[in-house]
Structure formats: C-alpha cells, structure tokens
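Read off the chains here:
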Amino acid sequence: MSLIDRLAAIVGRDNIITEPAALEPYLVDWRRRYRGTAQCVVRPGNTAEVAAVVAACAEAGAGIVPQGGNTGLVGGGISKNDEVIVSLTRLNRIRSVDADNNTMVVEAGVILQHAQEAAAQVNRLFPLSLAAEGSATIGGNISTNAGGVQVLHYGNMRELVLGLEVVLPDGRIWHGLRALRKDNTGYDLKQLFIGAEGTLGLVTAAVLKLFPRPQAQLTAWLAVRSPAAAVTVLSRLRETCGERVTAFELMAQTPLSMVRQHLPQVFIPLVPQPWQVLVELSDTWRGAPLADMLNEALQPLLERGDVTDAVLASNEMQAKAMWRVRESIPEAQKVEGYSIKHDIAMPVSAIPAFIERAAVELERAFPNIRIVCFGHVGDGNLHYNLSPQAGDDRDFLANTATVNRIVHDLVHYVGGSISAEHGIGQLKISELAHYKSELELVLMRGIKQTFDSGNLLNPGKLFGE
Ligand SMILES: Cc1cc2nc3c(=O)[nH]c(=O)nc-3n(C[C@H](O)[C@H](O)[C@H](O)COP(=O)(O)OP(=O)(O)OC[C@H]3O[C@@H](n4cnc5c(N)ncnc54)[C@H](O)[C@@H]3O)c2cc1C
C-alpha cells in the first residue's frame, strides 16, 4: 500500500490533499518568499490520528512538516523536498477551562483569537496577542515561542504554557498536560518543544495560563524626541505605574508613512513626527486612576522635551483605532514590496545606540537605503527592515548577506539576538550557524539527535540539511 493510501486509511480520503490547486495555500508562506513541494497534506482530526500518521511516515522514511495557520515569517512551516505536510488545524477543540486554576487546555489547531475568546467567556485573559491572531494557531504560537505586544507584562509563549501533549517522531505520545505552577521533577521537557519550530515533535494540545481580565485600560499615543527619549519614557512609566505598563511600542515615521499611503482608511493620531510610541496601561481595579498616573509620569518628560506631543484615547473605540495603526504596519509593508527584514532583540538600554550606529553603517554602505524601524521596545525587540528608497526592491535583496552582517554584527556586539520572536525556519539558518557558539550548536544538535535521529521532523529547518 502506498504511503498516501495508508494515511487516507487513518484520516479518511477527504482529509488528504494532493490536487495542485488545493495544495497551493499550504506550499507558500505568508510573505510569499518560500514555495515548497509536498507529497500531500494530511489533516488528522485528533491526537491518536496524528500519532498514527507520524508512525506511518516514520515507517516509510517520509519527512514531516507540521503546519498550523501558515502565518510564520521565516519559512518554518513550508516543506522543502516533497515531505508530508501535517496540518493540525482540525485539532481545534477547547478541551477544558479551569477559572479557579487560571488555566485552560486547548488543542494545537485552535486559532489564537478563539483561545482568547474562550478565556474571556470565564472572565479571564489569555494575553498573547499579535496581528495574525485571526489565523495563527496555538500549536504554531508554541512552536515559534510567539511574543506579541504584551510580553513586557505577561511574558512570551514560553511563560504562558504550563503543559504539553506532543506526538514524538516515532509516533509515541508524550502526555505532559500538567496544569502546575510548581513541578520540580527534573528536566522541564515542555520547554524543549516550545520554540522548536516543529523539529522535535508535533504539539497536539497545551495547558495555557490565564490571568484576571483588566477592568481599566488606558491607551496613549506619544511623539518622542528620539529612541533614547522613548527608553527614558519607558523607565519613568515603570517607576510610576509599575506592572501596569502592558505595552510599549516604538514606531519610526517611515512605517507610519507606509500605513498612511497604503491603508488610508487607518487613522494615525498625530501629525508625522520622527518617533512615536503607543503605550498601554492596564489594571484589574475598575477605578484605577490610570490617566492621572500617566499624566504624572509624562509631565516632567513633556517639560524637558523628551515627549513632544501626546494624545490619550478617551474610549475603547479610540484605543482600538490606535492599536489598528500599529497592527497595520506589517500589512502596509507587504504592499510596499520586498525588504530585508530583521527581528532582533537586545537589552532595552542598548536600543538607542544600536539605532544610531546601524543607520550610520548602513547608510555608509548603501546610500540609497530606507530604514523601516518599529517594534516591541518594552521587550527590547525591534523589527528592523531595509529596502531601497527607489529602484527595484528585488535587486536590493541581492545585498541580503552584506546587510545582515552589518545589522547582526551590531546586534551581537550589544549582546542581542538575531531572532527575537519569529524563529529561524529557513530564513536564518546561516545566521544561526554564524552567531551561536560551537558549544551551543553541539548541544542543540544533540537534542535533535535524541528526539529525531532520523531527521524526519521538519528537515532542513533550524540547522539546514
Ligand atoms: C501579520 C503578522 C504579525 C505577526 N506579529 C507577531 C508578533 O507581534 N509577535 C510574534 O511573536 N510573532 C508575530 N508573528 C508571527 C507569529 O507568531 C507566527 O506567525 C505564529 O505564531 C505561527 O502560528 P501558525 O499557526 O501560523 O504556525 P505556522 O506558520 O503554520 O508554523 C510556524 C512554525 O511552527 C511549526 N508548527 C506549527 N504548528 C505546529 C505544531 N502543532 N506542532 C509542532 N510544530 C508546529 C511549523 O512547522 C513552523 O516551523 C506575526 C505574523 C504575522 C503574519
């Protein structure tokens, strides 16, 4: 019996896709930079079926690429060489919600937005939030250790997962769905699968942490003198408002101009200014005087010119409109064309010097360059994307290696990371090899060998061939 017939016997013929037009959406990534080939897409409906599918592929020696919502930004979910794509999207049940334990058990194919809604139904918050939340799945969020806009308060996915259920490369199931905040019984295995980009196992379900829902929230849009002023504002806000600072997003004018040009229906609160910040404060007490706190924090900064303008959202609609601007940046950039993208992390205090130095070095090497800089500055995470001012952006992509070396050398110099939240996938394999120490690479390869000695899971990702 052929592998496809065996898989059809497990999941039913209707859940095997081989026809080219139907395969297409699974073969191309969100940014349309990668196109793969695949024997088929298989869509199991529960954990037992995932295990049987994986066992059948292992027996046939067929490579497997796990895929969720296919919103990944580094080509991690795109097959390279006729592998079997295992789509987890039919595993879409919320298995249980425990409001008293502040946890819920969800399957890997649950769309992030549906997980947020399930938490809200019991008056709890699942805080992971990102612009792709209408299509990205919990399994994909876990496998890329997604961050998003509230990491500075709630942490990234690594901190939001208490337990996992995982199908291993030989088809065995690891039942690790523990809903515990304390469990000191040796190695924390779940952490190995979080951020593993589907190279160690297929996540089928997870125990997620929930939080009280904020009852008071204030969103503000600030213009700041410089990135250094933005860091000062963040420090001051934290001193005054403490843990109530739940988001702090920095945007240069260039990405905002792209939003203005390509998405004119999106309203940008202030007139163009070199650097702008979106701030969110939250509290579980409805009566929390957030506006007073913000005003107290900003007053000295306005007086000395670190903050040059500010507007506070006076209702939820205005707050949403401000968030819409920030969330529209990736979409506007996509319309604008190709760029060389960097998703980098560094100590918050190193950001101003990095931005200044990187601009000098890049403009020296490429006088025609356009820098698109924005990001989750509260987490020390910048999206730092480069394209030409004019001319063919595809030609500019030929400079990727040189541009990456300039940017990533500086990131490395300040003790940063070449991938803050998108992962390695296919996009950053050579950069990982360049910047990780030999010892780290040896340890990582050892882990891969322990779980997947046949290199069947997501081959060609993370380490290359
Ligand atoms: C517009 C936009 C905005 C974004 N903003 C942010 C942001 O602010 N912060 C942030 O952190 N990220 C952001 N991202 C990236 C986002 O985190 C990822 O796209 C998302 O988490 C991936 O989920 P997915 O279900 O689409 O996974 P996919 O794209 O399908 O897969 C991603 C990776 O995970 C693996 N995988 C998927 N499911 C499983 C599974 N069940 N088991 C094992 N491996 C699996 C795949 O093989 C692949 O390597 C953004 C993406 C977009 C398109």
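Residues numbered from 1 in each chain as written. Predicted model: local features only at pLDDT ≥ 70, side-chain atom pairs only at ≥ 80, totals over all residues. Heavy atoms only, no water.

Remarks on the site of the ligand
Around the ligand there are 35 residues in total, and P66, G68, T71, T137 and G147 lie nearest to it. Residue T71 places a side-chain N or O atom 2.6 Å away from an oxygen atom belonging to the ligand. Here G76 contributes a backbone N or O atom positioned 3.2 Å from an oxygen atom of the ligand. Out of a free accessible area of 960 Å², the ligand has 96% covered by protein chains. When residues of the shell around the ligand are traced back to their parent elements, those giving at least two are β3 (64–67), α5 (138–143) and β10 (202–209). The element that contributes the greatest number of residues to the shell around the ligand is α5, accounting for four residues. Its residues assigned to classes, the shell around the ligand shows 12 nonpolar, 21 polar and two charged. (Near = heavy atom within 4 Å. Polar contact = N/O pair within 3.5 Å; in protein donor to acceptor, adjacent residues only side chain to side chain. Areas by Shrake-Rupley, 256 points an atom, 1.4 Å probe, with all protein chains shown as cover. Helix = DSSP H or I, 4+ residues; strand = E, 2+ residues; numbered from the N terminus. Nonpolar A, V, L, I, M, F, W, Y, C, P; charged D, E, K, R; others polar.)

Digging into the side chain of N70
Tracing the backbone through its elements, the reader meets N70 in the loop between β3 and β4 (83–87). Of the polar contacts made by the side chain of N70, one reaches the backbone oxygen of V28; its length is 2.9 Å. Among residues more than four places away in sequence, those in contact with N70 are P25, Y26, V28, D29, W30 and I78. (Contact = heavy atoms within 4.5 Å.)

Description of the packing of aromatic side chains
Tallying each qualifying case throughout the model produces five aromatic pairs. Ring centres of W174 and F193 lie 5.8 Å apart, and the angle between their planes is 25 degrees; on these two criteria the pair is classed as stacked. One end of the pair, W174, is in strand β9 (residues 173–176); the other, F193, is in helix α8 (residues 189–193), with 19 residues separating them in the sequence. Like W174, the residue F193 is buried in the burial classification. Between the aromatic rings of F193 and F451, the centroid separation amounts to 5.3 Å while the plane-to-plane angle is 80 degrees, which identifies the pairing as edge-to-face. In this pair, F193 sits in helix α8 while F451 sits in helix α17 (residues 438–451), placing the two residues 258 residues apart along the sequence. Members of the aromatic cluster, joined through ring pairs, are W174, F193 and F451. The aromatic ring of W30 is capped on one face by K334, whose charged end is 3.9 Å from the ring centroid. (Phe/Tyr/Trp six-rings, centres within 6.5 Å; stacked < 30°, edge-to-face > 60°. Buried < 20%, exposed > 50% of the residue type's maximum accessible area, 1.4 Å probe, protein only. Lys NZ or Arg CZ within 6 Å of the ring centre and 35° of its normal.)

Quick look at the packing of helix α1 (residues 3–11) against helix α3 (residues 47–60)
Between α1 and α3, the least distance of the axes is 9 Å, while the angle of their chain directions is 165 degrees. Taken together, α1 and α3 sit at an angle that is classed as roughly antiparallel. Seen from above, α1 lies across α3 with right-handed handedness. Here α1 contributes L3, R6, L7, I10 and V11 to the contact with α3, which in turn contributes E49, A52, V53, A56, C57, E59 and A60. (Axes fitted to C-alpha atoms, helices over the stretch in contact; angles between N-to-C directions. Parallel < 35°, antiparallel > 145°, perpendicular 65-115°, else oblique. Left-handed = near helix turned anticlockwise from the far one by under 90°.)

Thoughts on helix α10 (residues 253–262)
Residues spaced three or four apart along an α-helix point in a common direction, a consequence of the helix completing one turn every 3.6 residues. Along α10, the residues that are buried comprise Q253, P255, L256, M258 and V259. Looking at the packing, one finds that the buried side of α10 touches β12 (216–224), β13 (245–252), β14 (275–283), α12 (316–336) and β17 (369–375).

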